[in-house]
Amino acid sequence: MSNRMWGGRFSAGPSAIMEEINASIDFDRKLYAQDIAGSKAHAAMLARQGIISADDAGKIAEGLDAIKAEIDGGTFTFSRALEDIHMNVEARLKELIGPAAGRLHTARSRNDQVATDFRLWVRDALDHLDDQLKALIEALLKRAAEHADTVMPGFTHLQSAQPVTFGHHLMAYVEMFARDRGRVQDARKRLNECPLGAAALAGTSFPIDRFATAAALGFDRPTANSLDSVSDRDFALEALSAGAIIAVHLSRFAEEIVIWSSAQFGFVRLSDSFSTGSSIMPQKRNPDAAELVRAKSGRIIGDLNALLIVMKGLPLAYQKDMQEDKEQAFDAIENLSLCLEAMTGMVSDLAPNVARLAAAAGSGFATATDLADYLVRVLGLPFREAHHVTGRLVGLAAERGIELHEIPLADMQAEHAGITDAVYGVLTVENSVRSRVSYGGTSPEGVRVQIARWRGLLG
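The model shown is predicted, which means the values in this text are computed figures rather than measured ones.

Engineer: Which residues make up the packing of aromatic side chains, and what values go with them?
Structural biologist: Summed over the entire model, instances satisfying the criterion amount to 9 aromatic pairs. With 4.2 Å between their ring centres and 15° between their planes, Y173 and F253 make a pair best called stacked. Here F253 lies in helix α10 (residues 234-260) and Y173 lies in helix α7 (residues 166-191), a separation of 80 residues in the sequence. You'll find Y173 and F253 in the same group, each marked buried. An aromatic cluster is built from F118, W121, F235 and F330, whose rings are joined through pairwise contacts.

Engineer: I'd like to hear about the side chain of D112, residue by residue, with values.
Structural biologist: Of note, D112 is situated in helix α6 (residues 110-146). For the buried residue D112, which engages in no salt bridge, the nearest side chain bearing the opposite charge is R108, 6.1 Å off. Here the side chain of D112 touches G197 through a polar contact of 2.8 Å, landing on its backbone nitrogen. Those residues in contact with D112, other than ones at most four positions away along the chain, are P195, L196, G197, A198, A199 and V230.

Engineer: Please set out the packing of α6 against helix α12 (residues 326-349) residue by residue, giving values where relevant.
Structural biologist: Two elements in contact, α6 and α12, have axes whose closest approach is 9 Å; the angle formed by their N-to-C orientations is 15°. Here α12 runs roughly parallel to α6, going by the angle between their axes. Note on packing geometry: the crossing formed by α6 with α12 is left-handed.

Definitions and cut-offs
Residues numbered from 1 in each chain as written. Predicted model: local features only at pLDDT ≥ 70, side-chain atom pairs only at ≥ 80, totals over all residues. Heavy atoms only, no water. Phe/Tyr/Trp six-rings, centres within 6.5 Å; stacked < 30°, edge-to-face > 60°. Helix = DSSP H or I, 4+ residues; strand = E, 2+ residues; numbered from the N terminus. Buried < 20%, exposed > 50% of the residue type's maximum accessible area, 1.4 Å probe, protein only. Lys, Arg positive; Asp, Glu negative; His and termini not counted. Salt bridge = Lys/Arg side-chain N within 4 Å of Asp/Glu carboxyl O. Polar contact = N/O pair within 3.5 Å; in protein donor to acceptor, adjacent residues only side chain to side chain. Contact = heavy atoms within 4.5 Å. Axes fitted to C-alpha atoms, helices over the stretch in contact; angles between N-to-C directions. Parallel < 35°, antiparallel > 145°, perpendicular 65-115°, else oblique. Left-handed = near helix turned anticlockwise from the far one by under 90°.

Dropping the structure here:
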C-alpha cells in the first residue's frame, strides 16, 4: 500500500523508529495559526490567479476556519503518523471538504510552507518581546524617578568605588534594555520577507502572485531567491541572538538582586510574591525568582548555540536537519518571555532600604576621588600628585579605622598645607553625587533629565 503522505513513490509506510524520529507534530503544532493563515492567503491568491476555482477557494477557507476553531477549542485530534502540522491540517481539511482540499497544495511545498509559518511565529514572538521590554523599561523609569536622590555605593570589581544614586543604577538597565528593543526591532525588519511561493527550492511554473501573498500576510515583500527562501533560518538565529543578549542583561540584574537582598548587603527586599522559604531553615527568604532568571539565561544561550550548530554545515537548499530549528526557538523565546515578566514584577516589587544604601555609600572611602578632584580644582595640583596625596590620606584613615571625613584637618594639612576645612564639604556622599553633573552622570538632576528623555522616546 502506498504511503499516505508521499504518494506513489513509496510502496510501504515508514518503520516505527522512522516515524518516531521523523514526526514533529509534538512541537510544531504551535504553528497552527500561522499555518492556517498562510494557507488561506495562498488559496485566495490561487483563485485570483485562476489556478483554482473561486468555489474551491471558498470551501478551503471555510474548512481552514473550522479547523482553527477545533484547535482553539481543544477538540482537534493530532496524529503523529501525519508527521507535522501541515499534513495534520491538510488531512482534516480533506475530511471536511473532500477533493477540493487537494488543490490547496498547488504551487507550494512543505519547504516554503514551514519557512513561512516559522517566520510568522517568530515575527509574532518578536512583537511580544518588544512589548515586554517596553513594559520593563517603564517599570524601571518609574522606580528610577522615585529614587533619583537615593544614594548607594557604586562598585567596580564588586568593591566600593564611588557613590551613585539608586535611580542612576536602574537607568543603566534602561539603556541596556532599550538597546535590546533596537535589536528586536531590527531583527523583525530583516525577517519581514515572505518565502511562500518558493516551493521546494526552484520556484513554480504556475502564474502565482507572490507579492499578493506577501502583502496578505503582512510581509514587506517576497523573498528574492527561491533557494535561500527555503534554506534560510537567519531570522530565527537573529531572534535567538537578540534573545540571548536580553537574557544576559536580565541575568546581570538578577545577580544584583540576589546580592542586594542578602542579609550581608540588605540593600533591597523582595516581597513574598517573589521569594520562597526553606524546608529546614525557617528564617530564610530566598530570591528564587531572580535565581531562576539567572539560570534560564544559560538555557536561552544554549538554545542559540544549538541552532547555530544545526545550521553550520548544511548545503543548500532545505535539509531535514532544519526540523530541529523550532524546539530551540520555542524554548528560548517562551523562557525569555517568562523571565521578562518576572523581572518586570521584581522591579515593581523591590523595596530599597534607603538608610542601608546611604550608609554603604559612604563606606570604603567612596569619596576618595572627590578629594582628589578637590585638590586639582581648588589647589591646582596635577591629578597624579592629587592621587598620591589622597592615597596617603586613605592609608591614614584605614590605619585608624575611620572614614575620610573623620580625618582631622591638621592631619590633612600635614599631607598638603593648602587644604582647608572646605574639603569636608566634598566628602559627603550627597555632595559627591550632586557634583557628577557631566552628561550621563549620576547627579539627581542628570538622572531626571535621562528619565524625561526616555519617557519622551517611549511615547
